[in-house]
Amino acid sequence: MNPLDRLNPLVELAGAGYAYEDGPTVLADVDFAIAEGRALVLLGRNGSGKTTLMRLLSGGLRPGSGSLLLDGTAVSYDRAGLTRLRTAVQLVVQDPDDQLFAASVEQDVSFGPMNLGLPADEVRARVDSALAALDITALRDRPTHLLSYGQRKRAAIAGAVAMAPRVLILDEPTAGLDPDGQERLLDVLARLRAAGTTVVMATHDVDLAVRWADDAAVLTPSGIRTGPAQTLLSDPELLAAAGLRQAWSPAVASFLRAHALLAPQDPGPKTPEALSAWR
């Protein structure tokens, strides 16, 4: 059983499998849940199925077997069913240039709410709120092609936030950002979570995952392992099977425990800065 199933799942894959046309099976018999109110991180080597999993969860792909459930009800893939799913779950792809298409930031962010047929005043309110949440209100009228890479990332996320989703899935959101840009994005995600959005992030950065996530899902050739991030991402054999290096924080904590400098129940410092101030 998926350990996250016990945490009030919003979206679930039940016995789901997927194979691309004329290609091998990418995912088989997957039971997977996104638990409400949790920060979930997805990790695995390139080709492990992370992108396929995210597209299945957001309705971009339809399972070849099994089913996708939203609030315990199977999703139908007609127009009404997909609209219901996409108002609840939004996926932001890794490259913002694959998502941004309108002439200005405001036009791009307003596209989704307008497509829902919402009244003009509600569309404006959602756009205002999303721009403020991503700290890009000053860029409202800026042509999207004149944005910096970090600004394009935030504009793409704003377009998803304007849909007022319950679940926001982000594919490598910190990739290509400098350290300051990464921290600003993490601050944004913290505000979104505080406002009630469940956030899922795919990343190769194990240190970031340990610091940020409540729960983790690690994709390996033998399947998907899920559980508390601190526990799962302290397992060197699991990380090796997934083609990932051990995170800095668990490695340091293990060293400190081995030298009797840290109590067994103490998770230890999570960042180098925390280590310098530790004890």
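As the structure is a prediction and not an experimental result, all values here were calculated from the model.

Caption draft 1: Broad picture of the sheet that holds strand β5 (residues 73-74). Strand order in the open sheet formed by 4 strands is β2-β1-β4-β5, with antiparallel pairing between adjacent strands. Bordering the open sheet on either side are β2 (25-35) and β5, each of which pairs with just one other strand. Strand direction decides the pairing type here: strand β4 (residues 65-70) and β5, joined by 2 bridges, are antiparallel. Counted as the bridge partner of Leu70 is Thr73 from β5.

Caption draft 2: Fine view of the nonpolar core. Grouped together as the largest cluster of nonpolar side chains are 49 residues, with contacts concentrated most on Trp212 and Leu233. With 6 residues, helix α5 (residues 149-161) is the largest single contributor of residues to this core. If we ignore the near neighbours within four places in the chain, the residues touching Trp212 are Ala39, Leu40, Val41, Leu186, Leu189, Val199 and Met201. Grouped together as the second largest cluster of nonpolar side chains are 30 residues, Leu10, Leu40, Val89 and Val200 included.

Caption draft 3: Spotlight on the pairing of β2. Pairing between strand β1 (residues 9-19) and β2: 7 bridges, direction antiparallel. Residue pairing across strands places Leu13 opposite Phe32, the latter belonging to β2. Hairpin connection between β1 and β2: a loop of 5 residues separates the two successive antiparallel strands, and Asp22 in this loop has a positive phi of roughly 60 degrees.

Caption draft 4: Representation of the environment of Glu12 within the structure. Tracing the backbone through its elements, the reader meets Glu12 in strand β1. The sequence separation of Glu12 and Phe32 amounts to 20 residues, and the corresponding C-alpha distance is 5.6 Å. Every residue in contact with Glu12, bar those within four places of it in the chain, is listed here: Phe32, Ala33, Ser67, Leu68, Leu69 and Gly72.

Caption draft 5: Molecular detail of the pairing of strand β6 (residues 89-92). Here β6 shows a buried face lined by Val89 and Leu91 and a second buried face lined by Gln90 and Val92. Direction of pairing for β6 relative to strand β7 (residues 167-171): parallel, over a ladder of 4 bridges. Among the inter-strand pairings, Leu91 is bridged to a residue of β7, identified as Ile169.

Caption draft 6: Layout of the sheet that holds strand β10 (residues 223-228). The strand order across the open sheet built from 6 strands is β6-β7-β8-β3-β9-β10, with neighbouring strands paired in mixed fashion. Both edges of this open sheet fall to β6 and β10, since each of them pairs with a single strand only. Pairwise comparison of adjacent strand axes, ignoring direction, gives a mean angle of 15 degrees for this sheet. Across the sheet, helix α2 (residues 79-88) lies against β6 and β7, angled at about 70 degrees from β6, the strand it touches most.

Caption draft 7: A look at unusual backbone geometry. The backbone phi angle of Asp22 is positive, close to 60 degrees, even though this residue is not glycine. Along the chain, Asp22 turns up in the loop between β1 and β2. Residues other than glycine seldom take positive phi values, yet Glu172 does so here, at roughly 50 degrees. Among the structural elements, Glu172 can be located in the loop between β7 and α6 (179-194).

Caption draft 8: How the structure looks around helix α3 (residues 105-115). Those residues of α3 lying buried are Val105, Asp108, Val109, Ser110, Gly112 and Pro113. Where the residues of α3 are buried, they touch α4 (120-133) and α5. The positive-phi residue at the C-terminal boundary of α3 is Gly117, with phi of around 75 degrees.

Definitions and cut-offs
Per chain, residue numbering runs from 1 following the sequence as it is written. Given that the model is predicted, a residue must reach a pLDDT of at least 70 before its local features are reported, and side-chain atom pairs must reach 80 or more before they are shown or counted; all residues, however, enter totals for whole chains, interfaces and linings. Note: side-chain values were computed over all heavy atoms of the structure, leaving out hydrogens and water. We call two strands paired when DSSP finds no fewer than two bridges between them. Comment: elements are numbered from the N terminus, with helices defined as DSSP H or I runs of at least four residues and strands as E runs of at least two. Side-chain atoms within 4.5 Å link the members of a nonpolar core, which is a set of buried Ala, Val, Leu, Ile, Met, Phe, Trp, Tyr and Cys residues. Residue burial is assigned from relative accessible area. The probe radius is 1.4 Å, only protein chains are included, and a residue is buried under 20% of its type maximum, exposed over 50%, and partly exposed in between. Any pair of residues with heavy atoms lying within 4.5 Å of one another is described as a contacting pair. Axes, fitted as lines to C-alpha atoms, cover a helix only where it is in contact. Angles between the N-to-C directions of the axes lie from 0 to 180 degrees.

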